[in-house]
Amino acid sequence: MQKVEESIKEYLLENIRTIPDFPKPGIQFKDITTLLADKKALQLTSILLCEPFRDQEVDYVVGLESRGFLFGTNMAQDLNAGFIPVRKPGKLPHHTISETYALEYGEDSLELHSDAFNKGAKVIIHDDLIATGGSAGAATRLVERLGGEVIGYSFILELSFLNGREALSKTAPVESIIIL
Ligand code: AMP
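Let us look at the structure shown here. (Residues numbered from 1 in each chain as written. Predicted model: local features only at pLDDT ≥ 70, side-chain atom pairs only at ≥ 80, totals over all residues. Heavy atoms only, no water.)

1. Considering the sheet that holds strand E7 (residues 122-130)
- Taken in spatial order, the five strands of this open sheet run E4-E3-E7-E8-E9, and their pairing is parallel. Unpaired on one side and paired on the other, strand E4 (82-86) and strand E9 (174-179) mark the two borders of the sheet. The average angle at which neighbouring strand axes cross in this sheet is 20°, direction not considered.
- Sheet topology places strand E8 (residues 149-158) next to E9; five bridges connect them, and they run parallel. When the sheet's bridge partners are listed, Glu-158 is paired in E9 with Ile-179.
- Against the sheet, helix H1 (residues 2-14) contacts E8 and E9, and its axis sits at roughly 70° relative to E9. (Pairing = 2+ DSSP bridges. Helix = DSSP H or I, 4+ residues; strand = E, 2+ residues; numbered from the N terminus. Axes fitted to C-alpha atoms, helices over the stretch in contact; angles between N-to-C directions. Contact = heavy atoms within 4.5 Å.)

As structure tokens, then:
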């Protein structure tokens, strides 16, 4: 079974392209548009993302803009949960709360509707990829400010050399399909 899972992961990795120097020099950008276009890879990714959470009670999947929306809604349906978007500044139409996080150069912010869920909600935070963990960390603070409980993190790809897992795993388990 382990062997089957490994070959599935290899298949998914084959369907993710690396674009050198995008969006700026030195970044090896992991492009999942090729994975989305392959019907087998699309189905398998959806299944594997949900696997670690099947036995848990999940109220919401929180997806990070923008690639966290692609599988996030599907995960939410599969786990019998709702979906909540965390967005870049100025995109959400109602009252929001905001958290800032550090980038390699400068900083960025993420926003969440301040009435997104009730206190005590059990939440999974999902994105396509974890690098430094800065954006998932900001999403964690947003969820916790509203009284939500982060019960897990979900990613397709993890760039382990950037150590993003370290800070997040103090809050909840980090589940990545492929760890590079
Ligand atoms: P971080 O906050 O450092 O964990 O960065 C994760 C966010 O940046 C995710 O939304 C990713 O989609 C994006 N990202 C960071 N590095 C890459 C990369 N090498 N390839 C594709 N997306 C990336």
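Right, picking up where we left off after that structure.
2. Examining the nonpolar core
- If you look at the biggest cluster of nonpolar residues, it comprises 26 residues, and the most contacted ones within it are Val-62, Leu-112, Phe-117, Ile-125 and Tyr-153.
- The set of elements that each furnish at least two residues to this core consists of strand E3 (60-64), E4, strand E5 (96-102), strand E6 (107-113), E7, helix H5 (134-145) and E8.
- In terms of residue count, the dominant contributor to this core is H5 (five residues).
- Grouped together as the second largest cluster of nonpolar side chains are 22 residues, Ala-41, Phe-53, Val-61 and Leu-157 included. (Core = buried A, V, L, I, M, F, W, Y, C linked by side-chain atoms within 4.5 Å. Buried < 20%, exposed > 50% of the residue type's maximum accessible area, 1.4 Å probe, protein only.)

3. A short note on the site of the ligand
- Near the ligand, the surroundings consist of 14 residues, among which Arg-67, Asp-127, Thr-132, Gly-133 and Ser-135 are the closest.
- With respect to the ligand, the backbone of Lys-30 contributes an N or O atom lying 2.9 Å from a nitrogen atom.
- Ser-135 is positioned such that a nitrogen or oxygen atom in its side chain is 2.6 Å from an oxygen atom of the ligand.
- Surface burial for the ligand is 80%, taken as the share of its 490 Å² of free accessible area covered by protein chains.
- Elements with a minimum of two residues in the shell around the ligand: strand E2 (28-31), E7 and H5.
- If you tally residues by element for the shell around the ligand, the top one is E7, at four residues. (Near = heavy atom within 4 Å. Polar contact = N/O pair within 3.5 Å; in protein donor to acceptor, adjacent residues only side chain to side chain. Areas by Shrake-Rupley, 256 points an atom, 1.4 Å probe, with all protein chains shown as cover.)

4. Description of the packing of H1 against helix H3 (residues 39-50)
- Two numbers describe how H1 lies on H3: the axes approach to 10 Å, and their chain directions differ by 125°. Taken together, the axes of H1 and H3 lie oblique to each other. Judged by the sense of rotation from one axis to the other, the crossing of H1 with H3 is left-handed. Contact residues: H1 offers Ile-8, Lys-9, Tyr-11 and Leu-12, while H3 offers Lys-40, Ala-41, Leu-44, Thr-45 and Leu-48.
- For the contact of H1 with H3, the residue count by class is six nonpolar, one polar and two charged. (Parallel < 35°, antiparallel > 145°, perpendicular 65-115°, else oblique. Left-handed = near helix turned anticlockwise from the far one by under 90°. Nonpolar A, V, L, I, M, F, W, Y, C, P; charged D, E, K, R; others polar.)

5. Observations concerning the pairing of E7
- For E7, a buried count of seven out of nine residues is recorded, marking the element as mostly surrounded by other parts of the structure.
- Two elements, E3 and E7, share four bridges in a ladder whose sense is parallel. For Val-61, the partnering residue across the bridge sits in E7 and is Ile-124.
- Summarising the sheet, E7 and E8 pair through eight bridges and their orientation is parallel. Bridging from a neighbouring strand, Asp-127 pairs with Phe-155 of E8.
- In this fold, the crossover linking E7 to E8 by way of H5 has right-handed handedness. (Right-handed = clockwise from strand over helix to strand, strands pointing away.)

6. Regarding helix H4 (residues 68-78)
- Looking at H4, one finds that the buried residues are Gly-68, Phe-71, Gly-72, Met-75 and Ala-76. Angular distribution of buried residues about the axis of H4 spans 145°; they occupy a single face of the element. (Arc of directions from axis to C-beta.)

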